[in-house]
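Next come the chains, spelled out residue by residue.
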Amino acid sequence: MTGARPGGGDGAPRPAGRDVRAAQLARLGLRTDWDFVLHLPLRYVDETRVVPIAELRVGEEAQVEGEVVAAQVVHRGRRQLLVRLADASGELVLRFLNFYPSQVKALAAGRRVRVFGSARGGAIGGLEMVHPRMRAADEATPLPTRLTPIYPTTEGLPQHWLRARIERALRDVDLTDCLPAALRVRHGLAPLAAALRELHQPPPEADLDALSARCGPHWRRVKFDELLAQQISLRLARARRASHSAPPLLPAGDLAERLLASLPFRLTEAQRRVRAEVEADLASGTPMQRLVQGDVGSGKTVIAALAAARAIDAGFQAALMAPTEILAEQHFRRIAQWLEPLGVRVAWLAGKLKAAEKRAVQAAVAQGAAQLVVGTQALVQENVRFARLGLAIIDEQHRFGVAQRLALREAAVAPHLLMLSATPIPRTLAMSYYADLDVSVIDELPPGRSPVVTKLVSTARRDEVLARVRNEVARGRQAYWVCPLVDDGDAGDGERELTAATQMFEAARAALPDVRLGLLHGQLPAAEKNAVMQRFAAGAIDVLVATTVIEVGVDVPNASLMVIEHAQRFGLAQLHQLRGRIGRGSRESYCVLLFDEPLSEAARERLRVIYETTDGFEVARRDLQLRGPGEFLGRRQSGAPLLRFADLERDAALIEAARDAAAELLRDHPAAAHEHVRRWLGSRAALAGA
Ligand code: ADP
Ligand code: MG
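Keep in mind that this is a model prediction, so the values were computed, not measured.

Caption draft 1: A look at the site of ligand 1. As a structural note, the neighbourhood of ligand 1 is formed by 17 residues, with G297, K300, T301, R449 and D555 the closest of them. Residue G297 places a main-chain N or O atom 2.6 Å away from an oxygen atom belonging to ligand 1. Summarising the interface, the protein chains cover 88% of the accessible area of ligand 1, which totals 570 Å² for the free molecule. Class assignment for the residues of the shell around ligand 1 results in four nonpolar, six polar and seven charged.

Spelled out as structure tokens, the structure:
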């Protein structure tokens, strides 16, 4: 096939050097033959038929064949090649804006050519095709008998190269089905070889719409296999973990009991249950890998502190990591306040510490003098060596994304891992990406909380909201005033945050002259952030104007009002987290969502959800529905699309089938199970187990 665009599409490409090609393929994740076999088309074009020129329809892709009546290079603003092509039914203009001399020759008057493209209305009436794909039409080039696949590709990697390479891989690999016939029949699965051949080269009568929508038996088989590979590798990861041993953390003293006794509250029933589950893991002798889920305010921190106390009492160190500096700092303060009176040495480590301070902390950790270290990601990034790390705790783990989680797990070579999250994992994810974790749920809030009342208020009624803030402050309460990033063009996130927050602060100051205001945003130096946070916690600030830096974990029980500006710009999970900052004391709390009109359909839907429900699980479920699972998984951060074909929401039923099949295959046909994973995951196997 010859084309027209130099270096692009099907166009006669400059031959790529071997390194260049390898880099292109790496970008697509293509390395082994199986990678190519599993590189499936995005769509197809029908080059099996030739349509009479008179039957071309504007906007539809089709193939025509005819004789060149005339061809000329003209200058209309720019140099272009215009070709008149005729068949028995009519005439068509071909227009090329980039072309090689060889193409001018191939399109000389009298040549017969076959072109494929989308017709549009021409400049002088009639139809034209711009840059059609073309090939010479003679007996030596019979019409293809199969639809032509269009593959996902990357710049500089032409379709015809990919097609040839994939065809070769399809010939070379052993397409023997890994699934025993009985299992295939039970799950109603098409045979593998047929499914792959049909997807790469469907017959002309195939249902193109169904293929493009990734429906039908062949796609179903591929999706099933993809999910099966994931399920098998998750099971293998879990089995590997179970086969490792970890020191049983059996307390020598009664540190955890003393901690409990010193707290101003009693654990809820749910906290007691989860605490027991965690302690059983720690004592078991195999590495713990437990996720504690509990809605905002359900009291996860104390569970973490109790686990740490247990590890310390057993003679080990513990580390607690949080996603933001504000949250980590707050944990540090609170936990130090709890544990230091009991004789535990607690250290603080963040990226922003001065070099000397950092070195001192690192030394204390390396010598075992620091028994509990609280910090940010610096804990895994800064090469911290522990004398005897027994337990790593990751707070708000969902903020870290799957790939980061894997990195953390490898870097934090702690025998036991405890993760905390306020964002419940939707069922489909719990069955897939998170299937190798044990999950505990704190499904009860501490007593005496009154639910937060959420109000939706148009920005037009802002004065009423200001009055409410004044009122609340007059009664000795505190409030958060939250603003999102304002998009003002080219500024980077940091600058935008700064502008948004400072503008908001000035506006609030003008509107509330008699109120003590504080300003908190991510661009402030760490020390200043902490100072502001502490003054707010101590009641020296009435209203805290803040960006979403306060989204996670911040805990000031006297704050009973939250106003969220431009609420329509926030995501659901974010709104729920923000709202979780209030309703922590015993009085009724209000969350006012200020929105700007007109609202988009999606924004209206989000606000409706947050207005209607305060249950974090329900919010997460609706969030997944609205957004799809990609962001939930942190794909944006990881850059790795972990599932290529199956869709966690749409194919939920397939996940369950794949889960059953994985268990059966591993039990009865372990070799086939391993071969299946090798085909599908190859080098990606590690990520699937994250
Ligand atoms: P989250 O689960 O959102 O991390 P925290 O651990 O920050 O919640 O707890 C929220 C607040 O509830 C804190 O002030 C904490 O001290 C308090 N708390 C935790 N458990 C209880 C309990 N059983 N009874 C009363 N208050 C509790
Ligand atoms: Mg928390």
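The structure having been displayed, the exposition proceeds.
Caption draft 2: Structural detail: the packing of aromatic side chains. A complete count under the given rule lists five aromatic pairs for this structure. Ring centres 5.6 Å apart and planes at 35 degrees place the aromatic pair F332 and W348 in the tilted group. With F332 in helix α12 (residues 325–339) and W348 in strand β11 (residues 346–349), the pair connects residues that are 16 residues apart, well separated along the chain. When its relative accessible area of 14% is taken as the criterion, W348 is described as buried. Between R165 and the ring centre of F36, over which it is positioned, the NZ or CZ distance is 4.1 Å.

Caption draft 3: Geometry of the side chain of E65. Tracing the chain through its elements places E65 in strand β2 (residues 61–76). A distance of 3.3 Å separates the side chain of E65 from the side chain of R112, its partner in a polar contact. A polar contact of 3.1 Å, which involves the side chain of E65, links it to the side chain of R114. With residues near it in sequence (within four places) discarded, E65 still touches V50, D87, R112, V113, R114 and A137.

Caption draft 4: Spotlight on helix α1 (residues 18–27). Every buried residue belonging to α1 is among R21, Q24 and L25, and all of these are buried. The buried side chains of α1 occupy one side of the element, clustering within an arc of 95 degrees when seen end-on. Opposite the buried face of α1, by more than 90 degrees, sit the exposed residues D19, A26 and R27. Those residues of α1 that are buried are in contact with α2 (33–37) and α4 (159–172). G29 occupies a position one or two residues after α1 and carries a positive phi of about 70 degrees.

Caption draft 5: Layout of the environment of E618. Residue position: E618 is located in helix α22 (residues 616–627). When the C-alpha atoms of E618 and P424 are compared, they prove to be 9.0 Å apart, with 194 residues separating the residues in sequence.

Caption draft 6: Seen up close, the sheet that holds strand β16 (residues 452–458). Read across the open sheet, the six strands follow the order β16-β21-β20-β17-β19-β18; overall the sheet is parallel. The open sheet is flanked by β16 and β18 (517–520), the only strands paired with a single partner. For this sheet, the mean angle separating the axes of adjacent strands, direction not counted, is 20 degrees. Where β18 and strand β19 (residues 543–546) come together, four bridges link them in parallel fashion. Looking across to β19, one finds that L517 is bridged to V543.

Caption draft 7: Spotlight on the pairing of strand β20 (residues 559–564). The buried fraction of β20 amounts to six of the six residues, a majority that puts the element mostly inside the structure. The pairing of strand β17 (residues 478–482) with β20 spans five bridges and is parallel. Bridging from a neighbouring strand, Q478 pairs with A559 of β20. Here β20 runs beside strand β21 (residues 589–595); their pairing, made up of four bridges, is parallel.

Caption draft 8: Representation of empty space enclosed by the protein within the structure. Throughout the structure, instances matching the rule amount to one cavity of 30 Å³ or more. In this model, the largest cavity occupies a volume close to 60 Å³. Along the walls of the largest cavity sit A422, T423, P424, A573, H576, Q577, G616, V619 and A620, which together make up its complete lining. Mapped onto the lining of the largest cavity, the elements with two or more residues apiece are α20 (572–579) and α22.

Caption draft 9: Highlighting the environment of G448. Looking at the element boundaries, G448 is found in the loop between β15 (438–442) and β16. Judged by relative accessible area, G448 falls into the exposed class, the value being 53%. Once the C-alpha coordinates of G448 and G583 are considered, the two residues, 135 residues apart in sequence, prove to be 9.8 Å apart. When residues no more than four places from it in sequence are discounted, the contact partners of G448 are G585 and S586.

Caption draft 10: Summary view of the pattern of salt bridges. This structure, assessed with the given rule, holds 37 salt bridges. D177 is the partner of R184 in a salt bridge, and the nearest nitrogen-oxygen pair spans 3.2 Å. Residue R221 pairs with D225 through a salt bridge whose shortest N-O separation is 2.8 Å. Residue R221 and its partner D225 are located together in helix α8 (residues 216–243), separated by four residues, close to a single helical turn. The pair formed by R221 and D225 is uniform in burial state, with each residue classed as buried.

Caption draft 11: Seen up close, unusual backbone geometry. Here the bond from E597 into P598 is cis, since omega is 0 degrees, no more than 30 degrees from zero. Position of P598 relative to the elements: it lies in the loop between β21 and α21 (601–612). Even without being glycine, R214 reaches a positive phi, approximately 55 degrees. Counting through the fold element by element, R214 comes out in the loop between α7 (208–212) and α8. Despite not being glycine, H566 has its phi angle at roughly 45 degrees, a positive value. Along the chain, the position of H566 falls in the loop between β20 and α20. A relative accessible area of 18% places H566 in the buried class.

Caption draft 12: Here's a closer look at the packing of helix α6 (residues 192–200) against α8. At their nearest, the axes of α6 and α8 sit 9 Å apart, and the two run at 115 degrees to each other. Considering the relative orientation of α6 and α8, their crossing is left-handed. In contact with L192, A194, A195, L196, E198 and L199 of α6, α8 contributes H218, W219, R221, V222 and D225. Counted by class, the contact of α6 with α8 contains seven nonpolar, one polar and three charged residues.

Caption draft 13: Here's a closer look at the pairing of strand β3 (residues 78–87). Bridging between β2 and β3 involves nine bridges; their strand directions are antiparallel. Of the residues in β3, the one forming a bridge with Q72 is L82. Pairing between β3 and strand β4 (residues 90–96): seven bridges, direction antiparallel. Within the sheet, the bridge partner assigned to V83 lies in β4 and is L94. Taking the residues between adjacent antiparallel strands as the criterion, β3 and β4 are bridged by two residues.

Thresholds, definitions, all that
- Note that residues are indexed from 1 along each chain, following the sequence as it is written.
- As they are written, the chains are lettered A onward and the ligands numbered 1 onward, keeping that order.
- With pLDDT at 70 or above as the cut-off, local features in this predicted model cover only qualifying residues; side-chain atom pairs require 80 or more to be listed or tallied, and sums for whole chains, interfaces and linings still use all residues.
- The basis for every side-chain value is the complete set of heavy atoms in the structure, and neither hydrogens nor water enter the calculation.
- Proximity is defined per residue: any heavy atom of the residue falling within 4 Å of a molecule or strand makes that residue near it.
- N or O atoms closer than or at 3.5 Å make up a polar contact, with two conditions inside protein: a donor-capable atom paired with an acceptor-capable one, and, for residues adjacent in sequence, both atoms drawn from side chains.
- In these tables, accessible area is a Shrake-Rupley quantity obtained with a 1.4 Å probe, and a residue counts as shielded only by the protein chains included in the view.
- Gly is put with the polar residues, along with every residue not named as nonpolar or charged; the nonpolar set is Ala, Val, Leu, Ile, Met, Phe, Trp, Tyr, Cys and Pro, and the charged set is Asp, Glu, Lys and Arg.
- Note on ring pairs: Phe, Tyr and Trp rings are taken, using the six-membered ring of Trp, and paired if centres are within 6.5 Å. Classes follow the plane angle, with under 30 degrees stacked, over 60 edge-to-face and the rest tilted.
- Runs of E in the DSSP output that reach at least two residues are strands. Runs of H or I that reach at least four are helices, and both are numbered from the N terminus.
- Here's how the labels work: a residue is buried when its accessible area is under 20% of the maximum for its type, exposed when over 50%, partly exposed in between, all with a 1.4 Å probe on protein chains only.
- In this scheme, Lys NZ or Arg CZ marks a charge over a ring once it lies within 6 Å of the ring centre and within 35 degrees of the ring normal.
- Contact definition: two residues touch when any of their heavy atoms are within 4.5 Å.
- Picture the helix axis, draw a direction to every C-beta atom, and the arc is the one those directions span.
- Two strands make a pair as long as DSSP finds a minimum of two bridges between them.
- Inter-axis angles, ranging from 0 to 180 degrees, are taken between N-to-C directions of lines fitted to C-alpha atoms, where helices are fitted over the stretch in contact.
- Cavities and pockets were defined on a 1 Å grid built over protein atoms only: a cavity is a set of grid points that admits a 1.4 Å probe from which the probe cannot escape, a pocket is an open set flanked by protein on both sides within 12 Å along at least five of seven lines, and lining residues are those with an atom within 4 Å of any such point.
- Grid points are joined across faces, edges and corners, and a volume is the space filled by probe spheres set on the points.
- One speaks of a salt bridge when a side-chain nitrogen belonging to Lys or Arg is within 4 Å of a carboxyl oxygen belonging to Asp or Glu.
- By the definition used in this description, the sense in which the near helix is turned from the far one sets the handedness, with an anticlockwise turn below a right angle giving left-handed and a clockwise turn giving right-handed.

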